[in-house]
Amino acid sequence: MSGADPDLVRALGAIVGPRWVKIRDAERRTYEADGLPTHASVPMVAVLPGSKAEVIAIVRLLHERRVAWVARGAGTGLSGGALADAETVLIPLTRMNKILGIDPTARRAVIEPGVVNARLSEAAAPFGLGYAPDPSSQAACTIGGNVAENAGGPHCLKYGATTAHVVALEVVLPDGSLATLGCPQGEPWGPDLVGLFVGSEGMFGIALEITVRLEPVPAAVRTLLADFGSVRAATESVGAIIASGIVPAALELLDQACVRAVEASIYAAGYPTDAAAVLLVELDGTRAAVEAETMMVERFLTEAGARTIRSAETAEARARLWQGRKKAFGAMGRIAPDLVVQDAVVPRSALPDVLDTITEVGRRYDLTIANVFHAGDGNLHPNICYDHRDLALRERVHRASKEIMEACVAAGGSITGEHGVGADKMEYMPLIFDPTSLATMCAVRRAFDPAERANPRKVVPTRYCREWRPEPIR
Amino acid sequence: MADDSRGGFAALDPCVHCGFCLPACPTYLATGDEADSPRGRILLMRALERGELRADDPALGQHLDACLGCRGCEGACPSGVGYGRGLESARERITATVGLPAAARFVLGIFARRRWWRPAVTMARWFRETGLARRFRGPTRTGFLFGMLDATTPDRPEPTPRPPRARSAPRGTVALFRGCVMDGLFDHVHEATRRTLIVNGYTVVEVEGQVCCGALHDHAGDRAAARALARRNVAAFLGQADWIVVNSAGCGALLKDLGHLLGSPEAEALGRSVRDVTELLAAAGPVTGGPVELEACYDPPCHLQHAQRVHREPLAVLDAIPGLRLRQLPGADRCCGSAGIYGALHPEMSRAVLDEKVAAIAAASPPPDVVLTGNPGCLMQIGAGLGAADLPIPVAHPVELLDRSYRAAGWYDPASPS
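Just so it is clear, the structure is predicted and the values come from calculations on it, not from any experiment. (Residues numbered from 1 in each chain as written. Chains lettered and ligands numbered in written order. Predicted model: local features only at pLDDT ≥ 70, side-chain atom pairs only at ≥ 80, totals over all residues.)

1. Examining the overall build of chain A
So, point 1. In terms of helices and strands, chain A carries 15 helices and 18 strands.
So, point 2. At 22 Å, chain A has a C-alpha radius of gyration in line with the 23 Å of a compact globule built from 474 residues.
So, point 3. Over its C-alpha atoms, taken along the principal directions, chain A stretches across nearly 70 × 60 × 45 Å.
So, point 4. When burial is assessed residue by residue, chain A has 54% of its 474 residues classed as buried.
So, point 5. Long-range pairs, those at least 24 residues apart, make up 71% of the contacts in chain A between residues at least 6 apart in sequence. (Helix = DSSP H or I, 4+ residues; strand = E, 2+ residues; numbered from the N terminus. Rg over C-alpha atoms; globule rule 2.2 N^0.38 Å. Buried ≥ 20, exposed ≤ 12 C-beta atoms within 10 Å, placed from the backbone. Contact = placed C-beta atoms within 7 Å.)

2. With respect to the overall build of chain B
So, point 1. Assigned secondary structure in chain B consists of 22 helices and eight strands.
So, point 2. Computed over its C-alpha atoms, the radius of gyration of chain B comes to 21 Å, within 12% of the 22 Å expected for a compact globule of 418 residues.
So, point 3. The principal-axis extents of the C-alpha atoms in chain B amount to approximately 70 × 50 × 45 Å.
So, point 4. In chain B, which comprises 418 residues, the proportion classed as buried is 56%.
So, point 5. Within chain B, contacts between residues separated by at least 24 positions form 78% of all contacts whose residues are at least 6 apart in sequence.

3. What to know about the interface of chain A and chain B
So, point 1. In this complex, chain A contributes 37 residues to the contact, which on the side of chain B involves 29 residues.
So, point 2. Looking at the side of chain A that touches chain B element by element, the count peaks at four residues for helix α2 (residues 25-29) of chain A.
So, point 3. Here the residues of the side of chain A that touches chain B sort into 17 nonpolar, 11 polar and nine charged. (Nonpolar A, V, L, I, M, F, W, Y, C, P; charged D, E, K, R; others polar.)

4. Focus on the nonpolar core
So, point 1. If you look at the biggest cluster of nonpolar residues, it comprises 279 residues, and the most contacted ones within it are Val47(A), Val278(A), Leu279(A) and Val245(B).
So, point 2. The contact partners of Val245(B), leaving out residues within four places of it in the chain, are Val174(B), Leu176(B), Phe177(B), Thr193(B), Leu197(B), Arg275(B), Val277(B) and Leu280(B). (Core = buried A, V, L, I, M, F, W, Y, C linked by C-beta atoms within 7 Å.)

5. Description of the packing of helix α20 (residues 347-363) of chain B against helix α21 (residues 376-388) of chain B
Residues and elements named next belong to chain B.
So, point 1. Packing of α20 against α21 brings their axes to within 10 Å, and their N-to-C directions diverge by 65°. The handedness of the crossing between α20 and α21 comes out as right-handed. Contacts between α20 and α21 pair Leu354, Lys357, Val358 and Ile361 from the former with Gln381, Ile382, Gly385 and Leu386 from the latter.
So, point 2. Looking at the contact of α20 with α21 residue by residue, the classes come out as five nonpolar, two polar and one charged. (Axes fitted to C-alpha atoms, helices over the stretch in contact; angles between N-to-C directions. Left-handed = near helix turned anticlockwise from the far one by under 90°.)

6. Overview of unusual backbone geometry
So, point 1. Cis rather than trans, the peptide bond between Gly285(B) and Pro286(B) has omega equal to -15°.
So, point 2. Tracing the chain through its elements places Pro286(B) in the loop between α16 (277-283) and β5 (294-298).
So, point 3. Here the amide bond leading from Ser365(B) into Pro366(B) is cis, since omega sits at -5°, within 30 degrees of zero.
So, point 4. In this fold, Pro366(B) is placed in the loop between α20 and β7 (370-372).
So, point 5. Phi at Arg457(A) is positive, roughly 60°, even though this residue is not glycine.
So, point 6. The residue Arg457(A) is located in the segment after α15 (435-448) in this model.
So, point 7. Residue Asp390(B) is not a glycine yet carries a positive backbone phi of 60°.

7. Observations concerning the domain arrangement of chain B
Residues and elements named next belong to chain B.
So, point 1. By domain assignment, chain B separates into domain 1 (4-98) and domain 2 (172-282).
So, point 2. If you average the C-alpha positions of domain 1 and of domain 2, the two centres end up 28 Å apart.
So, point 3. Each side of the interface is counted separately: domain 1 has five residues, and domain 2 has four residues. (Domains from an automatic or database assignment.)

8. Brief notes about the sheet that holds strand β5 (residues 99-103) of chain A
As a general point, the strands of a sheet are linked pairwise by backbone hydrogen bonds and lie either parallel or antiparallel.
All names here are of chain A.
So, point 1. Spatially, β5-β6-β10-β8-β9 is the arrangement adopted by the five strands of the open sheet, whose pairing is antiparallel. The two strands at the open ends of the sheet, each matched to only one other strand, are β5 and β9 (178-182). Ignoring which end each strand starts from, the neighbouring axes of this sheet average 10° apart.
So, point 2. Pairing analysis gives four bridges linking strand β6 (residues 108-111) to strand β10 (residues 206-213), with the strands arranged antiparallel. Bridge assignment links Ala109 to a residue of β10, and that residue is Val212.
So, point 3. Where helix α3 (residues 52-65) meets the sheet, it contacts β8 (166-172) and β10, and its direction lies at approximately 135° from that of β10.
So, point 4. Across the sheet, helix α4 (residues 117-124) touches β5 and β6, and the angle it forms with β5 is around 40°. (Pairing = 2+ DSSP bridges.)

9. Topic: the pairing of strand β3 (residues 243-246) of chain B
All names here are of chain B.
So, point 1. Residues of β3 alternate between two faces, with Trp243 and Val245 on one and Ile244 and Val246 on the opposite face, all of them buried.
So, point 2. As paired elements, strand β1 (residues 172-176) and β3 share three bridges and run parallel to each other. Its bridge partner lying in β3, Ala175 is registered against Ile244.
So, point 3. The pairing of β3 with strand β4 (residues 274-276) spans three bridges and is classified as parallel. Its bridge partner lying in β4, Val245 is registered against Arg275.

10. Remarks on helix α4 (residues 83-98) of chain B
All names here are of chain B.
So, point 1. Taking 1.5 Å per residue as the helical rise, α4 with its 16 residues ought to reach 22 Å, and the 22 Å between its terminal C-alpha atoms agrees with that figure.
So, point 2. For α4, every residue scored as buried is listed here: Tyr83, Gly84, Gly86, Leu87, Glu88, Ser89, Ala90, Arg91 and Ile94.
So, point 3. Summarising the contacts, the buried residues of α4 are in contact with α2 (38-50), α3 (58-65) and α17 (302-307).
So, point 4. Just downstream of α4, Gly99 is the residue with a positive phi angle, here 75°. (Expected span 1.5 Å × (residues − 1).)

11. What about the domain arrangement of chain A?
All names here are of chain A.
So, point 1. Per the domain assignment, the segments of chain A are domain 1 (6-92), domain 2 (99-216), domain 3 (220-410) and domain 4 (433-464).
So, point 2. A straight line from the C-alpha centre of domain 1 to that of domain 4 covers 22 Å.
So, point 3. Listed per partner, the contact involves five residues of domain 1 and five residues of domain 4.
So, point 4. Per-element accounting of the side of domain 1 that touches domain 4 gives the leading share, three residues, to strand β3 (residues 68-72).
So, point 5. Here the residues of the side of domain 1 that touches domain 4 sort into three nonpolar, two polar and no charged.

12. So, the environment of Tyr365(A)
Residues and elements named next belong to chain A.
So, point 1. For Tyr365, the location among the structural elements is in helix α12 (residues 351-365).
So, point 2. Owing to 18 C-beta atoms within 10 Å, Tyr365 belongs among the partly exposed residues under this scheme.
So, point 3. Excluding its chain neighbours within four sequence positions, the residues that come into contact with Tyr365 are Arg396, Arg399 and Ala400.

13. With respect to the sheet that holds strand β2 (residues 202-205) of chain B
Residue and element names in this part refer to chain B.
So, point 1. The sheet built from four strands is open, its strands ordered β2-β1-β3-β4 with parallel pairing. For this open sheet the edge positions go to β2 and β4, each flanked by a neighbour on one side alone. Recorded for the sheet is a direction-independent mean angle of 40° between the axes of neighbouring strands.
So, point 2. This element, helix α10 (residues 187-199), spans β1, β2 and β3 of the sheet and lies at about 145° to β2.

14. What about the packing of helix α18 (residues 312-319) of chain B against helix α22 (residues 398-408) of chain B?
Residue and element names in this part refer to chain B.
So, point 1. One can describe the packing of α18 onto α22 by two numbers: an axis separation of 9 Å at closest approach and a directional angle of 20°. Overall, the two elements α18 and α22 adopt an arrangement that is roughly parallel. Between α18 and α22 the crossing geometry is left-handed. From α18, Pro314, Val317 and Leu318 reach across to α22, where they touch Pro398, Val399, Leu401 and Leu402. (Parallel < 35°, antiparallel > 145°, perpendicular 65-115°, else oblique.)

15. Thoughts on the environment of Ala375(A)
Residue and element names in this part refer to chain A.
So, point 1. In this fold, Ala375 is placed in the loop between β17 (368-374) and β18 (382-386).
So, point 2. Residue Ala375 is classed as buried on the basis of its C-beta count, with 31 C-beta atoms lying within 10 Å.
So, point 3. C-alpha of Ala375 to C-alpha of Thr235: the two residues are 140 residues apart in sequence and 7.3 Å apart in space.
So, point 4. Non-local contacts of Ala375, meaning those with residues more than four positions away in its chain, are made with Thr235, Val238, Leu251, Glu252, Leu253, Leu279 and Leu351.

16. Topic: helix α1 (residues 6-16) of chain A
Residues and elements named next belong to chain A.
So, point 1. For α1, the complete set of buried residues consists of Val9, Leu12, Ile15 and Val16. End-on, the buried residues of α1 take up no more than an arc of 120°, which puts them together on one face. Among the exposed residues of α1, those oriented more than 90 degrees off its buried face are Pro6, Asp7, Arg10 and Ala14.
So, point 2. In this structure, the buried residues of α1 make contact with β1 (21-22), β2 (45-47) and α3.
So, point 3. Of the residues flanking the end of α1, it is Gly17, one or two places downstream, whose phi is positive at about 90°. (Arc of directions from axis to C-beta.)

Printed below as a string of structure tokens:
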């Protein structure tokens, strides 16, 4: 059983019904991880609210009792952000999964935080609309979680990440008060509080109702698959396409290790397994524009040394090409039972050199590193595959991982593109922010949550928030 | 990675807990609780294997028992995690420690013993034939049971015609697996199977001494009973025909896996000769029949699509029926909540899972004239769900419709030209 105060458990049960308060060891254990294999932490209690009123009542109760808490969606995040420890209550919002309304004329949808990303696009499809941000986990992840992490996805190259698609939020703040941020019509006056809340990684409160923009489904879509004899050639073609002024809907790269894992899975997309890298380029818009851009992109790909270029024109063929890309992370279990996945962003012009460095680091530490990433944004996802039972190997993985991150930062990059900082990348924060910036982040956090009870001990290293004291970096 | 001492638990190793299985899990969709999700259950199974949770832990038992065993998660897993193998080993370990629940022991006992099974079937058929099952069907628990029984009613009573003539080149001999529920309540599907296979060039033989396949016992964790039944079936079927034909997806999945269950070369060989009826028919074409003008929805059974990975063949069979307008409704690929004896042990979850499917059928436009699926449990579950919702839509096995198409072509008439 959990070490939770029985009185707290009773009070939570009075709000949501005892059935939805999880205190038994086995049940709490099922919430010990998110999508990131390297972090695990069993929550004190998991409580699953079924309505807005229940969420508010839970947050108020925990505020009164001075208990810390973490909000969670489907737990597909990759930063250890949705984990709670033995002193912290976990609040999964998966039961709050209703689409409250779709207004096709204004192209807006109002949803609860537990709505699964892909379900929203399905519900909007009959109106010729869709929800643009499409993280690879879109079939499972919730939009509430997307809001917390400012989730990206392949199509964010052209359409922007979650923050570009959320127009209004009704939130409960950590002290239990309610606030409405933004407005459905568009840009409000005053500071951009929606922009502040989206990507705040669960530190500023819980979104109860989310109003998002829907985009018209484009009239024409063309997906190209190019394969290359070297990763460098593939990344150089990316630079050439972007430099031409074309903004593809998506521009994704998978290297050979990744292609082989995907091709061995049920999501096999027909990627050539002998290629050093494959590039997925999607163009969308009016038919005439797509045709013209396709010709140009094909030329850039050929000039950069593409061995073959395939074009998927039917919806089924496109879906198949995309399934391979989207399920690539999940297929990594075919290489080894554990993996470290990074999320660094580098300037596109630095991609060829940074990838050479990653390959070199992998060779030096004798590790399998599979790369699958949003090439158009310069958002890298090197997956370092290993087996946690091998202790020496774990140490090598940790060192290699750090070296890769340092190389990305040295190239002018940042430590996270879309996965968030969470628990995983907190140690890298001082690599890119000076103490003054970190202290400012703490101050903003405290404006929302003076006691730091919402998603505690994550994102910003605590030593920058209080008086400085040496603390071992884990 | 293949480590026999770890049993089926080793099959869970590739899980990187990405969570892509969550939307494929009917129980997670019903509750939103990760303890009812494949990823959550894998964490539980791993903890059980490592001894971090005891086999008699009630919460562990509760959430593993609540798994339908539909294996929809395997069809969504990019890393190819062997969830079913892991679950089988976990359930075996739990059963060895705490035994089966009394309700499960009782229900499984009926299936394993002829002297209990016969009177149970006789009584069930009496309720069905007198129309009492239809009268008493409804949304209550008892009403649902009558609805399940009523769903086994053949679409119309008809005299059994003489054996038809083959209209295709000879294709070999098949032994019909009769099973328990199929034999007791779906003998009309067996007749349709026999006739349509003969039309497609197969010779169908009957095998004496065959028994229940044991899938229900195996899924419940009673592997000893499953193995005992499997041995008798191996003895009965060995060397009898080129193939064993099965028209129940659940039985087919177990029989194809006989080698794994018994570990003997004979069982292995026999398992390899098992085919779903739609696989044999599709391999023969199948021969196109006469028109059957109907709106139909096909709902693939989990044990056909996930366990046996048979996707295309049932559609090929239905494609041979001129006039049939076939659709798959949203969520057709998800479990109906039947899952062997699950409905009897976990009625609440079972109905919650079924409600989604019934809602999709109720919302379908135009409304279907018939819902098709190839497993007795699913036929009864969906049929009862439609009955409980007062939707007058019959359920049928795909071969029943092909059979009707062949009848419409006039091939079963006594004076039928060859």
